[in-house]
Amino acid sequence: MKPPILIIIMATIMTGTMIVMLSSHWLLIWIGFEMNMLAIIPILMKKYNPRAMEASTKYFLTQATASMLLMMGVTINLLYSGQWVISKISNPIASIMMTTALTMKLGLSPFHFWVPEVTQGITLMSGMILLTWQKIAPMSILYQISPSINTNLLTLMALTSVLVGGWGGLNQTQLRKIMAYSSIAHMGWMAAIITYNPTMMILNLTLYILMTLSTFMLFMLNSSTTTLSLSHMWNKFPLITSMILILMLSLGGLPPLSGFIPKWMIIQELTKNNMIIIPTLMAIAALLNLYFYLRLTYSTALTMFPSTNNMKMKWQFEYTKKATLLPPLIITSTMLLPLTPMLSVLD
């Protein structure tokens, strides 16, 4: 794709998301979603092959259906309240339809089927955009309509998403599918807390985006798409393999790392609201995620080939890929735990 065209498309994607985030009028929000959806499709099909074509078609059909549902919910709400304002949702059916449409856009269970398929069919770069930037717009709308969302519906979706995100990734060797299931599970954690403490959801989303960006960038350094190609990295980049190990543990939510903050705070917030069973089940389901992250770290950093590389001569070409943003991303993705008291004050 030529640079000017790429710049125009990326600008449209960003503008679409910004319109959604800054609007208080339902029609403008819907227009923002449509702009974003139509502009992301060329990005998904950047490396043109039948799989990318199929992935883009699946993405388009899902998002178009979600947009239609959202518009229907907005129209029902308009009939009952006579207003286009986002803060005025008077009808429970309209609220349920809007919530369903937005969860469909995010890929929450039971509408999660498109996420692994689409992510697997596209390049790592497109997958990174799909699993980070594309979550911001629907989440910002859920944040704004959180007072009128049906809590039981969203909690059920959240719990099933965490379970699906754990179970789905167990048997995977494809890194993009693993990241997709990881995304479903993280979205589940965010959905669980949004009706109780929306600010906590923003904290979780920020940390999730940071961790996912870092992980995808490390995968892109070596163009790794399978566990096998990742296990060859120790010979070329021993330091990066250890970074992947730490990042995976952070994504799994282990205590000394940044990924522990949202899980800890969400479980704390849910128990404050007299919910014991849901956070317990979610914490148990998170162990499934931890298992497949640990499997990745094991195959990457804890296994060595029978023979090491003893050649005195450099056997591969000089590395030319730039990794400018990686150091700050890795630091924020792993070392933010001491800031927890400050973050809890924000909430």
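Residues numbered from 1 in each chain as written. Predicted model: local features only at pLDDT ≥ 70, side-chain atom pairs only at ≥ 80, totals over all residues. Heavy atoms only, no water.

The name an unreviewed UniProt entry gives the protein chain is NADH-ubiquinone oxidoreductase chain 2, with Canis lupus as the organism. In the Function (unreviewed entry) part of its UniProt record, the protein chain is described as follows: "Core subunit of the mitochondrial membrane respiratory chain NADH dehydrogenase (Complex I) which catalyzes electron transfer from NADH through the respiratory chain, using ubiquinone as an electron acceptor. Essential for the catalytic activity and assembly of complex I." If you open the UniProt record of the protein chain and go to Subunit (unreviewed entry), you find "Core subunit of respiratory chain NADH dehydrogenase (Complex I) which is composed of 45 different subunits. Interacts with TMEM242." (UniProt positions renumbered as here; feature names shortened; annotations may be inferred.)

Undergrad: Talk me through the overall build of the protein chain; I want residue IDs and the actual numbers.
TA: Across its full length, the protein chain holds 17 helices and zero strands. Its C-alpha atoms give the protein chain a radius of gyration of 21 Å, near enough to 20 Å, the size a compact globule of 347 residues would have. Overall, the protein chain is about 75 × 50 × 35 Å in size when its C-alpha atoms are taken along their principal axes. Taken across its 347 residues, the protein chain has 52% of its residues classed as buried. Taking the intrachain contacts of the protein chain between residues at least 6 apart in sequence as the baseline, contacts between residues at least 24 apart amount to 77%. Carbon together with sulfur atoms contributes 72% to the accessible area of the protein chain, which is approximately 15800 Å² in total. Distance from the positive charge centre (18 side chains) to the negative charge centre (6 side chains) of the protein chain: 9 Å. (Helix = DSSP H or I, 4+ residues; strand = E, 2+ residues; numbered from the N terminus. Rg over C-alpha atoms; globule rule 2.2 N^0.38 Å. Buried < 20%, exposed > 50% of the residue type's maximum accessible area, 1.4 Å probe, protein only. Contact = heavy atoms within 4.5 Å. Areas by Shrake-Rupley, 256 points an atom, 1.4 Å probe, with all protein chains shown as cover. Lys, Arg positive; Asp, Glu negative; His and termini not counted. Charge placed at Lys NZ, Arg CZ, Asp CG, Glu CD.)

Undergrad: Got a sec to walk through the side chain of glutamate 269? Specific residues and values, please.
TA: With respect to the helices and strands, the residue glutamate 269 is situated in helix α14 (residues 260-272). Buried charge glutamate 269 goes without a salt bridge, the closest partner of opposite sign being lysine 272 at 4.0 Å. (Salt bridge = Lys/Arg side-chain N within 4 Å of Asp/Glu carboxyl O.)

Undergrad: Explain the environment of asparagine 235 residue by residue, including any values.
TA: Structurally, the position occupied by asparagine 235 is in helix α12 (residues 233-236). Counting along the chain gives 34 residues from asparagine 235 to glutamate 269, while the straight-line C-alpha distance between them is 44 Å.

Undergrad: Tell me about the nonpolar core, residues and numbers included.
TA: Grouped together as the largest cluster of nonpolar side chains are 99 residues, with contacts concentrated most on Trp26 and Tyr59. For this core, the element with the highest residue contribution is helix α10 (residues 198-221), accounting for 14 residues. (Core = buried A, V, L, I, M, F, W, Y, C linked by side-chain atoms within 4.5 Å.)

Undergrad: Could you give an account of the UniProt feature "domain: NADH:quinone oxidoreductase/Mrp antiporter transmembrane" (unreviewed entry) in the protein chain, naming the residues involved and the relevant values?
TA: Under the UniProt annotation, the feature "domain: NADH:quinone oxidoreductase/Mrp antiporter transmembrane" (unreviewed entry) is placed at residues 23-287. From the first C-alpha to the last, residues 23-287 spans 38 Å; its make-up is 77% helix and 0% strand.

Undergrad: Now, about the packing of aromatic side chains: what can you tell me, with residues and values included?
TA: Inspection of the entire model under this criterion finds four aromatic pairs. Judged by centre distance (5.5 Å) and plane angle (65°), the rings of tyrosine 59 and tryptophan 114 are edge-to-face. Placement of the pair is tyrosine 59 in helix α3 (residues 50-81) and tryptophan 114 in helix α5 (residues 114-121), with a sequence separation of 55 residues. Tyrosine 59 sits in the buried class, given a relative accessible area of 3%. Taking relative accessible area as the criterion, tryptophan 114 reaches 7% and is therefore assigned buried. Residues phenylalanine 260 and tryptophan 264 carry aromatic rings whose centres are separated by 5.6 Å and whose planes lie at 15° to one another, so their mutual orientation is stacked. Here phenylalanine 260 pairs with tryptophan 264, and both are found in helix α14, just four residues apart, close to one helical turn. Tryptophan 264 gets classed as partly exposed once you look at its relative accessible area, which sits at 38%. Its end group placed over the ring of tryptophan 189, lysine 263 keeps NZ or CZ at 5.2 Å from the ring centre. (Phe/Tyr/Trp six-rings, centres within 6.5 Å; stacked < 30°, edge-to-face > 60°. Lys NZ or Arg CZ within 6 Å of the ring centre and 35° of its normal.)

Undergrad: Hey, could you go over the packing of helix α9 (residues 175-193) against helix α15 (residues 277-301) for me, with residue numbers and the actual values?
TA: Axis separation between α9 and α15 bottoms out at 11 Å; the angle between their running directions is 155°. Judged by the inter-axis angle, α9 sits roughly antiparallel to α15. The two elements α9 and α15 meet at a crossing, and its hand is left-handed. Contact with α9, carried on its side by Leu175, Ile178, Ser182, Ala185, His186, Gly188, Trp189 and Ala192, involves Met282, Ala283, Ala286, Asn289, Phe292, Tyr293 and Leu296 of α15 and no other residues of that element. A breakdown of the residues in the contact of α9 with α15 according to their chemical character gives 11 nonpolar, four polar and no charged. (Axes fitted to C-alpha atoms, helices over the stretch in contact; angles between N-to-C directions. Parallel < 35°, antiparallel > 145°, perpendicular 65-115°, else oblique. Left-handed = near helix turned anticlockwise from the far one by under 90°. Nonpolar A, V, L, I, M, F, W, Y, C, P; charged D, E, K, R; others polar.)

Undergrad: A description of helix α7 (residues 133-144) should follow, citing residues and the corresponding values.
TA: α7 sits mainly inside the fold: nine of its 12 residues count as buried. Those residues of α7 not exposed but buried are Gln134, Lys135, Ile136, Ala137, Pro138, Met139, Ser140, Ile141 and Leu142.

Undergrad: Outline a nonpolar patch on the surface, supporting the account with residue identities and numerical values.
TA: There is a patch of nonpolar side chains on the surface, built from Met18, Met21 and Leu22 and spanning about 310 Å² of accessible area. Residue placement: methionine 18 occurs in helix α1 (residues 3-22). According to the relative accessible area criterion, methionine 18 is partly exposed, its value standing at 39%. (Patch = residues over 30% accessible without salt bridge, like charges linked within 9 Å, V, L, I, M, F, W, Y side chains within 5 Å.)

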